[in-house]
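A structural walkthrough
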Amino acid sequence: MIFAVERVFPLPAIQQIFSLKPKKQLMKILQIILLFLASIAYAGGIKSSAEVKIRSQFDVKAKLIFKKYTIPADKKSAIEKRCRQRFYRGKVYVWEIRFENAPPSIAVLDNVPGKAMPITFMVIFDWDGAVRFVDIIKYRESIGGAVANRRWLRQFEGWRAASQELLKNKIDGLSGATISANSIIAGVQKLALLFPEIKKEIDNANFSTQVTE
Amino acid sequence: MKHELCRRLSNLFPVLVFLFCCAAPTSAQDEFFEPSTTLGGYGELHYNLEDTDQSPAEKKLDFHRFVLFYSHSWTEKWSFKAEVELEHNFVTTGKGELGLEQAAINYRHSEAFGFQAGVVLPSIGLLNELHEPPVFLSVERPDYSKYIIPTTWAGNGVSLFGKKNGFDYKLTVMEGLNADAISNESGIRGARLKGYQADARELLYTGRLNYIAIPGFLTGLSFTKTKAMGTVQDIPLTLMEFHGQVRKKGIHANFEWGGIDYDKGSLQKSRGFYFDLGYDMAAKTGFSGALIPWFRFADYNTAASTSAGGDSEEAQRYSKWLMGLTLKPIDEVVFKIEYGYQKNGLTDREQRLFNLGAGYMF
């Protein structure tokens with residue numbers, strides 16, 4: 001990419017742009033804009049994006065153990081009926097976040113449906129099942145992106161599936177993002193109901209190890 | 001010659017790189033996305049009663065809208081979205097309506113930039129883009145969203161859109177308006193070309209900016225400019241509106257104000273506003289859905305200023321208040337009941353209004 005920029009616009013001669021005629025100035029600026037847009041056309045993978053977000057929530061010494069967790073069929077069906085939302089597939093991405101002298105936390109990643117495109121999101125749970133952190137890993141729709149607002153997502157923190165308070169009553173609506181917001185609320189509830197199954201598997205030490213340092 | 005060839009290639013190089021990156025996004029896809037087709041839609045049944053002391057009550061039962069939405073996503077960046085709408089159950093000469101409400105190729109390059117091309121919805125007002133029945137409180141859309149902002153306003157054109165630093169924008173260039181159909185009674189509502197072999201001699205330009213950084217609050221404004229073309233005269237006009245919305249702690253509130261200025265012809269200005277205020281009692285009652293009592297006040301005049309003045313202005317002025325109850329047993333289904341009065345500025349005649357509605361979206 002640096003080669004491409006230099007090919008178009010020699011870096012040491014940055015001041016030369018302003019000595020060019022207006023038409024040539026505009027051409028050079030347009031070329032730089034196009035290259036900039038091209039450079040951000042490629043995004044990182046979902047897994048690596050999620051791990052960056054997980055690491056941002058914990059101490060650098062935490063060890064991440066990754067697994068594609070297969071949801072037991074009977075639990076999947078029951079949770080989907082209760083939340084009125086399907087899991088994207090029969091598996092979700094799970095990370096056990098291990099600490100030296102504290103119980104682990106668990107991150108779970110799945111999709112929820114947007115109006116036309118799926119929204120990839122992640123929930124991090126404390127070992128007691130409380131929601132610690134929610135984030136949108138990838139939002140693909142052209143409207144309704146307000147669900148990625150951190151202040152809105154912070155409302156989920158502390159909620160448990162066993163809570164008497166309905167999750168939808170705890171979360172304020174979102175102007176201009178009704179469908180996406182309702183989808184995320186159902187999605188968080190869905191993963192919170194799945195959490196005990198994942199925790200059981202970790203407890204039984206059945207978690208296979210694909211360690212991410 | 002060699003120098004000229006190198007110069008031309010260096011100018012083309014970034015364009016080619018950019019086009020390649022748009023056309024080959026597969027490196028950004030992963031197992032959380034696969035090409036898919038989605039079917040959706042919304043619809044609403046209305047019972048309308050209008051009653052005055054001077055005439056028998058008018059009562060109507062009407063499946064006002066049946067809309068099918070479908071989309072296909074080829075990649076995470078490229079998709080197609082369409083909506084087909086049938087109004088009033090069926091179409092025959094002079095009755096009902098069947099039309100394309102959306103049919104656009106969408107490209108979402110990033111959060112900050114995307115574009116659409118096809119039958120697009122300009123982003124003007126709160127309801128032109130998002131108007132599924134469970135999204136607004138009343139049985140009918142606000143009169144402001146009919147006579148000042150003529151929703152659903154769709155047409156052939158292109159849009160740019162994106163979100164950055166708490167702001168959300170959309171710019172649209174699309175077909176213009178028919179000056180012959182602009183009237184005191186309906187403002188620009190009848191002037192929409194609706195995409196049918198639209199006259200493109202003069203296009204319509206509109207831009208909207210919203211501030212969305214605070215969850216539960218939305219505020220913004222838009223500006224629209226065009227020259228409506230006609231057989232008798234062409235009418236340059238501008239439309240400015242601003243809007244606000246609150247969805248926080250159970251409060252449901254909308255406010256919109258809009259004005260159209262016409263630079264030629266006997267009609268000079270259209271003006272209007274409304275505000276809605278409701279409160280979701282679900283949390284207090286333990287109900288798992290939404291239960292929202294609400295109130296609306298609206299005032300609009302499609303002929304707020306005319307060259308003739310006087311009665312021609314007052315005749316098109318309406319003020320209305322409504323109160324109602326909106327029930328959503330689940331987010332996608334809504335039942336509505338409302339009661340209110342509408343008053344005409346010239347006759348002072350009051351119409352009593354009673355409406356029932358059932359709506360859905362999926």
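Going by the structure above, here's the rest.
Examining helix H4 (residues 73-83) of chain A
Residues and elements named next belong to chain A. Along H4, the residues that are buried comprise Lys76, Ile79, Glu80 and Cys83. Taken around the axis of H4, the buried residues stretch over an arc of 100°, which confines them to a single face. Among the exposed residues of H4, those pointing more than 90 degrees away from its buried face are Asp74, Lys81 and Arg82. Those residues of H4 hidden inside the fold are in contact with helix H7 (178-203). Looking at the residues trailing H4, positive phi occurs at Arg84, about 55°.

Quick look at the pattern of salt bridges
Any two side chains of opposite charge can pair, so long as their charged atoms come close to each other. According to the stated counting rule, one finds 36 salt bridges over all chains in the structure shown. The closest approach of N and O atoms between B:Glu44 and B:Arg65, which form a salt bridge, is 2.8 Å. One end of the pair, B:Glu44, is in strand E1 (residues 36-51); the other, B:Arg65, is in strand E2 (residues 58-73), with 21 residues separating them in the sequence. This pair shows no difference in class: B:Glu44 is buried, exactly as B:Arg65 is. Note that B:Arg65 and B:Glu87 form a salt bridge whose closest N and O atoms lie 4.0 Å from each other. Of this pair, B:Arg65 sits in strand E2 while B:Glu87 sits in strand E3 (residues 78-92), and the two are 22 residues apart along the sequence. Judged by its relative accessible area of 14%, B:Glu87 falls in the buried class. Look at the salt bridges and you will find they share partners, linking A:Lys53, A:Asp135, A:Arg150 and A:Glu157 into a network.

Considering the packing of aromatic side chains
As enumerated under the stated definition, the model contains 24 aromatic pairs over all chains in all. Aromatic side chains B:Tyr147 and B:Tyr300 sit 5.4 Å apart centroid to centroid with 10° between the ring planes, which places their arrangement in the stacked category. Linking B:Tyr147 in helix H2 (residues 144-147) with B:Tyr300 in strand E13 (residues 290-306), this pair joins segments that are 153 residues apart in sequence. What links up through ring pairs into an aromatic cluster is the set A:Phe66, A:Tyr88, A:Tyr93, A:Trp95 and B:Phe32. For A:Lys115, the ring lying beneath its charged end belongs to B:Phe69, and the centroid distance is 4.7 Å.

Definitions and limits used
- Residues numbered from 1 in each chain as written.
- Chains lettered and ligands numbered in written order.
- Predicted model: local features only at pLDDT ≥ 70, side-chain atom pairs only at ≥ 80, totals over all residues.
- Heavy atoms only, no water.
- Buried < 20%, exposed > 50% of the residue type's maximum accessible area, 1.4 Å probe, protein only.
- Helix = DSSP H or I, 4+ residues; strand = E, 2+ residues; numbered from the N terminus.
- Arc of directions from axis to C-beta.
- Contact = heavy atoms within 4.5 Å.
- Salt bridge = Lys/Arg side-chain N within 4 Å of Asp/Glu carboxyl O.
- Phe/Tyr/Trp six-rings, centres within 6.5 Å; stacked < 30°, edge-to-face > 60°.
- Lys NZ or Arg CZ within 6 Å of the ring centre and 35° of its normal.

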